[in-house]
Amino acid sequence: GAVVSQHPSWVICKSGTSVKIECRSLDFQATTMFWYRQFPKQSLMLMATSNEGSKATYEQGVEKDKFLINHASLTLSTLTVTSAHPEDSSFYICSARLTNYEQYFGPGTRLTVT
Amino acid sequence: AQSVTQPDIHITVSEGASLELRCNYSYGATPYLFWYVQSPGQGLQLLLKYFSGDTLVQGIKGFEAEFKRSQSSFNLRKPSVHWSDAAEYFCAAGGGADGLTFGKGTHLIIQP
């Protein structure tokens with residue numbers, strides 16, 4: 001149980017275009033999901049907290065207009081990278097909160113912007 | 001500010017030897033504490049977690065961790081490592097309604 005999926009697993013897009021990444025909790029409902037970013041050989045940095053039915057909360061330094069987050073249902077959160085640039089290339093990982101002390105992570109999405 | 005420190009960037013251990021990965025945290029109160037493992041290009045797998053109670057926590061794959069409040073530490077241990085344990089290990093703190101704060105990770109190399 002407690003499986004989280006992400007789609008796509010990898011994506012290549014051209015500079016200036018937008019790309020959407022989906023995060024789904026497959027066997028549980030999650031009112032809260034989190035989005036993290038991981039640069040190569042580095043740690044995960046929390047980007048934003050996504051709450052079902054309300055606006056996302058962004059961490060300091062994360063551009064909310066560039067990284068649009070929507071949490072329209074209890075099992076789906078989406079991250080849209082708008083007007084992508086090569087510096088947005090990264091590994092994006094979501095997690096879904098099951099309880100106060102349990103977060104389950106998706107397998108990640110590798111974004112390459114050319 | 002909240003922070004998690006993993007002082008060892010790389011650790012090399014011989015197969016069959018014991019392992020200890022260090023983790024220190026700085027938080028206003030004792031947070032929930034976690035250890036995750038990540039294989040190259042993969043997501044995170046939870047090894048174990050601590051939130052209260054017994055300070056020695058057992059996890060999957062033979063791992064355990066000990067919470068020491070006086071030292072603000074949550075070190076990960078394994079008595080005998082296997083080649084398949086080679087991976088990146090992350091200590092994390094937080095939880096509740098908040099996302100997690102991760103340490104920078106420790107890259108574990110297993111020597112035959």
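Residues numbered from 1 in each chain as written. Chains lettered and ligands numbered in written order. Predicted model: local features only at pLDDT ≥ 70, side-chain atom pairs only at ≥ 80, totals over all residues. Heavy atoms only, no water.

Student: Could you clarify how one ought to interpret the packing of aromatic side chains in this entry?
Tutor: The way to describe two aromatic rings as a pair is by their centre distance and the angle between their planes. All names here are of chain B. Counted under the stated rule, the structure contains 14 aromatic pairs over all chains. Measuring from ring centre to ring centre gives 6.2 Å for Y25 and F67, while their planes differ by 20°; the resulting arrangement is stacked. Note that Y25 is positioned in strand β4 (residues 24–26) and F67 in strand β8 (residues 64–68), a separation of 42 residues in sequence. Comparing Y25 with F67, the two get one shared label, buried. Judged by centre distance (6.3 Å) and plane angle (75°), the ring pair of Y32 and F51 falls under edge-to-face. Residue Y32 is located in strand β5 (residues 32–38), and its partner F51 is located in the loop between β6 (44–50) and β7 (56–58); the two are separated by 19 residues in the primary sequence. When its relative accessible area of 35% is taken as the criterion, F51 is described as partly exposed. (Phe/Tyr/Trp six-rings, centres within 6.5 Å; stacked < 30°, edge-to-face > 60°. Helix = DSSP H or I, 4+ residues; strand = E, 2+ residues; numbered from the N terminus. Buried < 20%, exposed > 50% of the residue type's maximum accessible area, 1.4 Å probe, protein only.)

Student: Teacher, can you tell me more about the state of the cysteines here?
Tutor: When the sulfur atoms of two cysteines share a covalent bond, that bond is a disulfide. Residues and elements named next belong to chain A. Under the defined criterion, the tally for this structure stands at 2 disulfides over all chains. The disulfide partner of C23 is C94, and the S-S distance across this bridge is 2.0 Å. Given an S-S torsion of about 80°, the disulfide between C23 and C94 has right-handed geometry. Placement of the pair is C23 in strand β3 (residues 19–25) and C94 in strand β9 (residues 90–99), with a sequence separation of 71 residues. Take C23 and C94: they sit in the same class, and that class is buried. (Disulfide = S-S within 2.5 Å.)

Student: Can you walk me through the sheet that holds strand β7 (residues 67–73) of chain A in this structure?
Tutor: By definition, the strands of a sheet pair up through backbone hydrogen bonds, in either a parallel or an antiparallel sense. Residue and element names in this part refer to chain A. The strand order β1-β3-β8-β7 describes an open sheet built from 4 strands, whose pairing is antiparallel. Lying at the two open borders of the sheet, with one neighbouring strand each, are β1 (4–7) and β7. Here the average twist between neighbouring strands, direction ignored, is 15°. As judged from the 4 bridges shared by β1 and β3, these two strands associate in the antiparallel manner. The residue bridging H7 from the neighbouring strand is E22, located in β3. (Pairing = 2+ DSSP bridges. Axes fitted to C-alpha atoms, helices over the stretch in contact; angles between N-to-C directions.)

Fair warning: the whole summary comes from geometry, so function is off the table for now.
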